[in-house]
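The residues making up each chain are set out below.
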Amino acid sequence: ETTMADEAKRLGDEAFKSKDYDKAIEQYTEAIKENPRNGSQSKHVLLSNRSAAHAASKNWDKALEDAVACIQAKPDFSKAWSRKGAALMGKGDAAGALKAYKRCIEIDPANSAAKGELQRLELDQAQRSAAFSNIGAKASAQGNAASSQAPLPLQLVVLLALLVALASSLQFIMAADPTQARFMFQRVAMSCMFAFFLEGLARHGTPNVGTAKNLYKAVRGTASQQDVQGIFNFAMDENTHMIFYCSLLFSTMPGLLLLFPIMPLVLISFAKHAKRIVARISSISAVLAPQLDKILAMETTMQRTSSNSEVVILVVLIFEIFTPRRNLMLLILFIQLLRVRFLVNANSRAAWITFEGYLDGVLMHAKSPGFVQSAYTKVKGFVQSNVIPKK
């Protein structure tokens, strides 16, 4: 004899095939409700079916909610992970969808549909990553070439500012008096800002009347791509980002962690400028060049350290909202900076992807409570839709 739960499931299947998704959702909901009492269906199958119906209605939040519940009910059910991938794709979370489809294929290697979606996502991700990286890389390469040709007096002034920044950071670390520590912290920020500003001038030239005209055209929306190319390169340059970051340091309490995004870059820039300058004097170059080369050999590691520290600082600023140290305006401005950094800096994107992987591994673990997974999924969806910049 057919039970109420089984009949509701049958009606839901028929409605789904007829593309009457609202009715399908209603019947699957009834089946889930009645199944514990008189049904013969597995809970994860019903949740999977309702997730598919929600997805067909483009109600991605509900589709994801059922997919997560399905995974909790049966973690090794491959279709549950496929449902999650589809829901995350609908919400615009391509990275999350990629992980879900990979997990689906791990469980069911013969799932051709999941393989097709995974291949499409990987291709799209590779194309987007290349496009994003090219924006920052092109501007950086052009800037580095211009900087190396900067006049010697300008390079000397930049080198001096960088040296002051490095010395002030050491004095800040060793300062025992809070007043002295704050003074040294602000001197680090000021000297770094000055050095980054000069480096920006060396890379992109001094603004002139033409720059002002192009900026005016850009504000009015009448500028051509050629008109705004110089402004765009300056805006995408890492020195510009660091000038903005240094300005934020004047509105916060001193802290060693806050220097981590800038000091590795300062050290690398110092080594580059010092090497160019000492190369003019062979006797000094023979002594200093090998030491400077050792610093430059760590450039990639230092850049990653800088980007990773940005993630840590954001987490700290978020937690500080619940303490007397909170600085909401600093948090908002820092998030805006990170959005730009994410768009054009490969190390920043890598840092966030790594952080996301850690969070997924902990909060979406099979043993993680359902309400935690649900809350995390909603927050992550909001961030993906409203915070992460799109191409």
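Okay, so let's go over this structure.

Basis of the calculations
Residues numbered from 1 in each chain as written. Predicted model: local features only at pLDDT ≥ 70, side-chain atom pairs only at ≥ 80, totals over all residues. Heavy atoms only, no water. Helix = DSSP H or I, 4+ residues; strand = E, 2+ residues; numbered from the N terminus. Rg over C-alpha atoms; globule rule 2.2 N^0.38 Å. Buried < 20%, exposed > 50% of the residue type's maximum accessible area, 1.4 Å probe, protein only. Contact = heavy atoms within 4.5 Å. Areas by Shrake-Rupley, 256 points an atom, 1.4 Å probe, with all protein chains shown as cover. Lys, Arg positive; Asp, Glu negative; His and termini not counted. Charge placed at Lys NZ, Arg CZ, Asp CG, Glu CD. Expected span 1.5 Å × (residues − 1). Arc of directions from axis to C-beta. Salt bridge = Lys/Arg side-chain N within 4 Å of Asp/Glu carboxyl O. Patch = residues over 30% accessible without salt bridge, like charges linked within 9 Å, V, L, I, M, F, W, Y side chains within 5 Å. Axes fitted to C-alpha atoms, helices over the stretch in contact; angles between N-to-C directions. Parallel < 35°, antiparallel > 145°, perpendicular 65-115°, else oblique. Left-handed = near helix turned anticlockwise from the far one by under 90°. Nonpolar A, V, L, I, M, F, W, Y, C, P; charged D, E, K, R; others polar. Phe/Tyr/Trp six-rings, centres within 6.5 Å; stacked < 30°, edge-to-face > 60°. Core = buried A, V, L, I, M, F, W, Y, C linked by side-chain atoms within 4.5 Å.

### What to know about the overall build of the chain
Scanning the chain from N- to C-terminus turns up 18 helices and zero strands. Taking 2.2 N^0.38 as the reference for a compact globule, 391 residues should give roughly 21 Å; the C-alpha atoms of the chain span a radius of gyration of 27 Å, well beyond that estimate. Projected onto its principal axes, the C-alpha coordinates of the chain cover approximately 95 × 50 × 45 Å. Burial statistics for the chain: of 391 residues in total, 40% are counted as buried. Partitioning the contacts of the chain with sequence separation of at least 6, the portion at a separation of at least 24 is 64%. Just so you have it, the chain exposes about 21,000 Å², and 62% of that area is on carbon and sulfur atoms. The centroid of the 45 positive side-chain charges in the chain is displaced by 8 Å from the centroid of its 31 negative side-chain charges.

### Comments concerning helix H18 (residues 370-386)
Look at H18: 24 Å from first C-alpha to last across 17 residues, which is about the 24 Å you get at 1.5 Å a residue. If you check which residues of H18 are buried, you get Gln373, Tyr376, Thr377, Lys380, Gly381 and Gln384. Buried residues in H18, looked at end-on, bunch into an arc of 135 degrees, giving them a common side. Exposed and oriented more than 90 degrees from the buried face of H18 are Phe371, Lys378, Val379 and Phe382. Tucked inside the fold, the buried residues of H18 contact helix H4 (60-73), helix H6 (94-107) and helix H17 (346-363).

### A closer look at the pattern of salt bridges
Two side chains carrying opposite charge are able to pair once their charged atoms lie near each other. What the rule picks out here adds up to 17 salt bridges. Its salt-bridge partner being Asp360, residue Lys380 comes within 3.1 Å of it at the nearest N-O pair. One end of the pair, Lys380, is in helix H18; the other, Asp360, is in helix H17, and 20 residues separate them in sequence. Its relative accessible area of 14% is what places Asp360 among the buried residues. Where salt bridges share partners, they join Asp93, Lys99, Glu356, Asp360 and Lys380 into one cluster.

### What to know about a negative patch on the surface
Taken together, the side chains of Asp20, Asp22, Glu26 and Glu30 make up a negatively charged region of the molecular surface. Residue placement: Glu26 occurs in helix H2 (residues 21-38).

### Points about the packing of helix H3 (residues 43-56) against H4
Two elements in contact, H3 and H4, have axes separated by 8 Å at closest approach and are oriented at 165 degrees. Taken together, the axes of H3 and H4 are roughly antiparallel relative to one another. Pair H3 / H4 crosses with left-handed handedness. Contacts between H3 and H4 involve His44, Leu47, Ser48, Arg50, Ser51, His54 and Ala55 from the first element and Trp60, Lys62, Ala63, Asp66, Ala67, Ala69, Cys70 and Ala73 from the second. Tallied by class, the residues present in the contact of H3 with H4 amount to eight nonpolar, four polar and three charged.

### Here we look at the environment of Phe334
Here Phe334 lies in helix H16 (residues 328-344). We classify Phe334 as buried; its relative accessible area is 2%. Residues Phe334 and Leu317, 17 residues apart in the sequence, show an inter-C-alpha distance of 9.2 Å. Setting aside chain neighbours within four positions, we find Phe334 in contact with Tyr245, Leu248, Glu310, Ile313, Leu314 and Leu317.

### Observations concerning unusual backbone geometry
The backbone of Lys19 shows a phi angle near 65 degrees, a positive value even though the residue is not glycine. Of note, Lys58 is a non-glycine position whose phi angle comes to about 65 degrees, a positive value. Locating Lys58 in the fold gives a position in the loop between H3 and H4. Relative accessible area serves as the criterion here: at 61%, Lys58 is assigned to the exposed category.

### Comments concerning a nonpolar patch on the surface
On the surface, a nonpolar cluster with roughly 710 Å² of combined accessible area is contributed by Leu170, Ile173, Met174, Leu256, Leu257, Phe260, Val312 and Val316. At the level of elements, helix H8 (152-174) and helix H15 (299-320) are the ones that each hand at least two residues to the nonpolar patch. When residues of the nonpolar patch are assigned to their parent elements, the largest contribution, three residues, is made by H8.

### A short note on the packing of aromatic side chains
This model, assessed by the stated rule, comprises four aromatic pairs. Their ring planes at 65 degrees and their centres at 5.4 Å tell us that Phe16 and Tyr21 sit as a pair that is edge-to-face. Residue Phe16 is classed as partly exposed on the basis of its relative accessible area, which comes to 29%. Judged by centre distance (5.9 Å) and plane angle (50 degrees), the ring pair of Tyr245 and Phe334 falls under tilted. Placement of the pair is Tyr245 in helix H12 (residues 238-249) and Phe334 in helix H16, with a sequence separation of 89 residues. This pair shows no difference in class: Tyr245 is buried, exactly as Phe334 is.

### Overview of the side chain of Gln373
By secondary structure assignment, the location of Gln373 is in helix H18. When its relative accessible area of 2% is taken as the criterion, Gln373 is described as buried. With sequence-adjacent residues up to four places away left out, Gln373 is seen in contact with Val68, Gln72, Leu363, Met364, His365, Ala366 and Ser368.

### As for the nonpolar core
Cys192, Ile262 and Phe334 are the most contacted members of the largest nonpolar core, which has 48 residues in total. When residues of this core are traced back to their parent elements, those giving at least two are H8, helix H9 (178-204), H12, helix H13 (263-278), helix H14 (282-296), H15 and H16. What Ile262 contacts, discounting residues up to four positions off in sequence, is Cys192, Phe196, Met242, Tyr245, Cys246 and Leu249. Within the second largest apolar cluster, 27 residues are counted, among which are Leu46, Trp81, Ala114 and Leu118.

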